[in-house]
Amino acid sequence: MRVVLLGAPGSGKGTQGEALAKHFGVDHVSSGELFREHIASGTELGRQVDDFVTRGDLVPDDLVITIVGAAVRAAAERGGYVLDGFPRTLAQAERAYELAGAAGLTADVVVYLSVPDEVVRQRLTGRAAEGRADDAAPAVIERRLSVFHDETQPLLDFYRDRGILVTVDATPPPSQVTADMLAAVTQPAT
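Residues numbered from 1 in each chain as written. Predicted model: local features only at pLDDT ≥ 70, side-chain atom pairs only at ≥ 80, totals over all residues. Heavy atoms only, no water.

K.L.:
Help me understand the overall build of the chain, please; the structure alone is not making it clear to me.
P.N.:
A count of helical and extended segments in the chain gives nine helices and five strands. Each of the three principal axes of the chain carries a C-alpha extent, and together these read 40 × 35 × 30 Å. Taking all 190 residues of the chain together, 43% fall into the buried category. The long-range fraction of contacts in the chain, counting pairs at least 24 apart against all pairs at least 6 apart in sequence, stands at 74%. A total accessible area of about 9100 Å² is found for the chain, and carbon and sulfur atoms account for 52% of it. (Helix = DSSP H or I, 4+ residues; strand = E, 2+ residues; numbered from the N terminus. Buried < 20%, exposed > 50% of the residue type's maximum accessible area, 1.4 Å probe, protein only. Contact = heavy atoms within 4.5 Å. Areas by Shrake-Rupley, 256 points an atom, 1.4 Å probe, with all protein chains shown as cover.)

K.L.:
Got a minute to help me understand the packing of aromatic side chains in this structure?
P.N.:
How two aromatic rings sit relative to each other is set out by the distance from centre to centre and by the angle between their planes. Under the criterion given, the structure shown has two aromatic pairs. Between Tyr97 and Phe158 the ring centres are 6.1 Å apart and the planes differ by 90°, which places this aromatic pair in the edge-to-face class. Pair noted here: Tyr97 is in helix 5 (residues 90-103) and Phe158 is in helix 8 (residues 154-161), with a separation of 61 residues, a long-range link. Overall, the relative accessible area of 42% leaves Tyr97 in the partly exposed class. The class for Phe158 is buried, based on a relative accessible area of 7%. Every member of this aromatic cluster is reached through a ring pair, and the members are Tyr97, Phe158 and Tyr159. The ring of Tyr97 has Arg162 lying over it, and the distance from NZ or CZ to the ring centre is 4.5 Å. Above the ring of Phe158, the side-chain terminus of Arg162 is found at 3.6 Å from the ring centroid. (Phe/Tyr/Trp six-rings, centres within 6.5 Å; stacked < 30°, edge-to-face > 60°. Lys NZ or Arg CZ within 6 Å of the ring centre and 35° of its normal.)

K.L.:
Would you explain the confidence of the model for the chain in this entry?
P.N.:
Segments scoring low in pLDDT should not have their predicted coordinates read at a detailed level. Mean pLDDT over the chain works out to 88, with 93% of the residues at or above the 70 mark. Ranking the elements of the chain by mean pLDDT puts helix 5 last with 86 and strand 5 (residues 165-169) first with 96. (pLDDT = per-residue confidence, 0-100.)

K.L.:
Looking at this structure, how should I read the environment of Asp50?
P.N.:
The topology assignment puts Asp50 in helix 3 (residues 44-55). A relative accessible area of 31% places Asp50 in the partly exposed class. Between the C-alpha atom of Asp50 and that of Ile39, which follows or precedes it by 11 residues, the distance is 6.2 Å.

Quick look at the structure:
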């Protein structure tokens, strides 16, 4: 199974990605976790990523594809993946589709975790207690929401046009979202 999770920051992609990966017995590949690992390790790629993340901006496509691409290929070779946090822009999606298509690694389904902006604000503000202070500053939260709406929303049409998009309400408790998501990925895309 090859799944892509889309959603605003704080929509639960990490939590749901782990649950879905466990259910299907595949790797959970999180661009955010990969970025944080590079930043914490002080790699050159991590320093580049950190500059963008600190401002609440999207990491440039080439840098994202370099970091995420290898992890996705390795996961696909092991039987599949649940990918969260990538792609975030239409350009990334088109490039990923081109690369994955050539390698026979395209996603089977794309799950959009839908959540209102106010819920996103509450969730991101709460992340400071989890040591994710990059999410807690109000200006950064607003910037991330703005970037999401401007850059990521067009992905919904991209995947809907391919017939692989399903939408799940991500506001209920995580266990309910997981159940709804599992039901959705076994139904035809809408």
